[in-house]
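# Architecture at a glance
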Amino acid sequence: MLPAPHGGKLVRRVLTGDAQAKAIEESASMPAVAVSADVVSDIVNIATGAYSPLEGFLDSRDLESVLSSDHLTGGAPWTIPIVLDVEPEQAKSLPNRVALAAPNGETVATMHVTDRYGYDKERYAQHVFGTTDADHPGVAGLLERHDTLLGGVLDLVAEPAAAFPSYTLDPIETRVLFEAKGWRTVVGFQTRNVPHLGHEYVQKSALSFVDGLFINPVIGRKKSGDFTDDAILTTYEALMDNYYRPERAVMAVLRTEMRYAGPKEAIFHAIVRKNFGCTHFIVGRDHAGVGSYYTPYAAQDIFEDFPELDITPMFFTSFFMCHKCGSVVNEKTCPHGPEHQEQFSGTLLRNLMTSGTVPEGGLIRPEVAKVLIEHPDPLVA
């Protein structure tokens, strides 16, 4: 049976019909708060239930609760603050109801502002990212934000066009899809990378214990050197078309930025996949990590602190290709020495793009390699 949404109820704050028409008309006379593309994604995820039980941006009480206890004031676990920052002077002049405008100027939502407040960025960074180092991409993004936050419930009035509509499903739709396929247990896989054979090994190992696999790439802002959204999706298409049973694996995107918060982001990723309907969630080595800010298995260890999460984490240790075994293995299953082992890495994929040839040793499927080699713009600048 698919799990209940986080907090017990799937949030739905998408206006339609007369209510939508009325809100659009009223928004024309409201002060507008300009928001970034990342914030637009947060708005959509709140309104469609991917961030259940959130119904809007955190107010000061909920932010304090998250930073002090990793829970919302209502008691549900929550580790990544979802907040809306504005210029302090603008915050003072705003009424209690405002329009939220996308970068193109179009209103995407209206918001009932219930709180305007300042916050301690250093405390926020230390709790969420485990560091205040400005070289950490998540901390760097936080430091660029305004010093005042708005809290309050929102309503989506005009959902922006999806960049990848055929892979864009909200939690209501994924739950219907999983049930239509007869899946009672579903494992979610988070990714921001092009797939190599190690990823396939982890996914299929997990799939052997459940009914279905939900591949859910992050589509949104990433750091320089990461793979672009299109490169990730097109390479996964090649992998799934050739090596996955369509009745056992589906892919849809998660529209959000990467925060690189390591263990705290692993919990957040699990919560979102629970809202999509997953019963299990894959957590590998250095999940959502960056550089050396987190120990290799910190993102697995943190799940011990959240026994009430109601989604089962599936932990995987380091895996590699053993040429003596002739397959992908992990440190628990392979008895051979490092002279027989070849590690999976981002360097492998970058060398592939540079050389334009498929590497020997079976580290990446040839169909995937071909798509990556031919892709005109595979890396974030």
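Above this text is the structure in question.
Residues numbered from 1 in each chain as written. Predicted model: local features only at pLDDT ≥ 70, side-chain atom pairs only at ≥ 80, totals over all residues. Heavy atoms only, no water.

## Notes on the sheet that holds strand E15 (residues 341-343)
- The strand order across the open sheet built from three strands is E14-E13-E15, with neighbouring strands paired in antiparallel fashion. Edge positions in the sheet fall to strand E14 (327-330) and E15, since each has one partner strand and no second. Averaged over all pairs of adjacent strands, the angle between strand axes in this sheet comes to 45°, irrespective of strand direction.
- Here three bridges tie strand E13 (residues 319-322) to E15, and the two strands are oriented antiparallel to one another. Its bridge partner lying in E15, Cys 322 is registered against Gln 341. (Pairing = 2+ DSSP bridges. Helix = DSSP H or I, 4+ residues; strand = E, 2+ residues; numbered from the N terminus. Axes fitted to C-alpha atoms, helices over the stretch in contact; angles between N-to-C directions.)

## So, the packing of helix H9 (residues 229-243) against helix H13 (residues 366-374)
- At a minimum axis distance of 8 Å, the contact between H9 and H13 shows a crossing angle of 160°. One way to sum up the angle between H9 and H13 is to call them roughly antiparallel. Viewed along their axes, H9 and H13 form a crossing whose handedness is right-handed. Residue-level inspection shows Thr 234, Thr 235, Ala 238, Leu 239, Asn 242 and Tyr 243 of H9 in contact with H13, the latter providing Pro 366, Glu 367, Val 368, Val 371 and Leu 372. (Parallel < 35°, antiparallel > 145°, perpendicular 65-115°, else oblique. Left-handed = near helix turned anticlockwise from the far one by under 90°. Contact = heavy atoms within 4.5 Å.)

## Some words on the pairing of strand E7 (residues 186-191)
- Of all six residues in E7, six are buried, a share of seventy percent or more.
- Across the two faces of E7 the burial is the same, with Val 186, Gly 188 and Gln 190 and Val 187, Phe 189 and Thr 191 all buried.
- Where E7 and strand E8 (residues 212-219) come together, six bridges link them in parallel fashion. Bridged to Val 186 within E8 is Gly 212.
- The handedness of the E7 to E8 crossover, carried by helix H8 (residues 197-207), is right-handed.
- As defined by bridge partners, E7 adjoins strand E11 (residues 280-283) across two bridges and the pair is classed as parallel. Each residue of the ladder has a partner; that of Val 187, found in E11, is His 280. (Buried < 20%, exposed > 50% of the residue type's maximum accessible area, 1.4 Å probe, protein only. Right-handed = clockwise from strand over helix to strand, strands pointing away.)

## Examining the pattern of salt bridges
- Enumeration according to the criterion identifies 19 salt bridges in this entry.
- The residue Glu 64 makes a salt bridge to Arg 123 at a minimum N-O spacing of 2.7 Å. Separated by 59 residues along the polypeptide, Glu 64 in helix H3 (residues 60-69) and Arg 123 in helix H5 (residues 121-129) bring together distant segments of the chain.
- Among the residues examined, Glu 64 registers a relative accessible area of 38% and is labelled partly exposed.
- Note that Asp 147 and Lys 121 form a salt bridge whose closest N and O atoms lie 3.2 Å from each other. (Salt bridge = Lys/Arg side-chain N within 4 Å of Asp/Glu carboxyl O.)

## A word on the packing of aromatic side chains
- All told, the structure shown has ten aromatic pairs when counted by the stated rule.
- Plain terms: the ring middles of Phe 178 and Trp 183 are 5.5 Å apart, the flat faces sit at 25° to each other, and that makes the pair stacked. Of the two residues, Phe 178 and Trp 183, neither departs from the other in class, the shared state being buried.
- Seen from their ring centres, Phe 178 and Phe 214 are 5.3 Å apart, and the 75° between their planes marks the pair as edge-to-face. Highlighted residues: Phe 178 in helix H7 (residues 171-180) and Phe 214 in strand E8, separated in sequence by 36 residues. (Phe/Tyr/Trp six-rings, centres within 6.5 Å; stacked < 30°, edge-to-face > 60°.)

## Examining the nonpolar core
- Ile 43, Phe 57 and Leu 100 are the most contacted members of the largest nonpolar core, which has 77 residues in total.
- Top element by residues in this core is helix H10 (residues 263-276). It accounts for seven residues.
- Of all hydrophobic cores here, the second largest spans 40 residues; its members include Phe 164, Ile 215, Ile 219 and Tyr 244. (Core = buried A, V, L, I, M, F, W, Y, C linked by side-chain atoms within 4.5 Å.)

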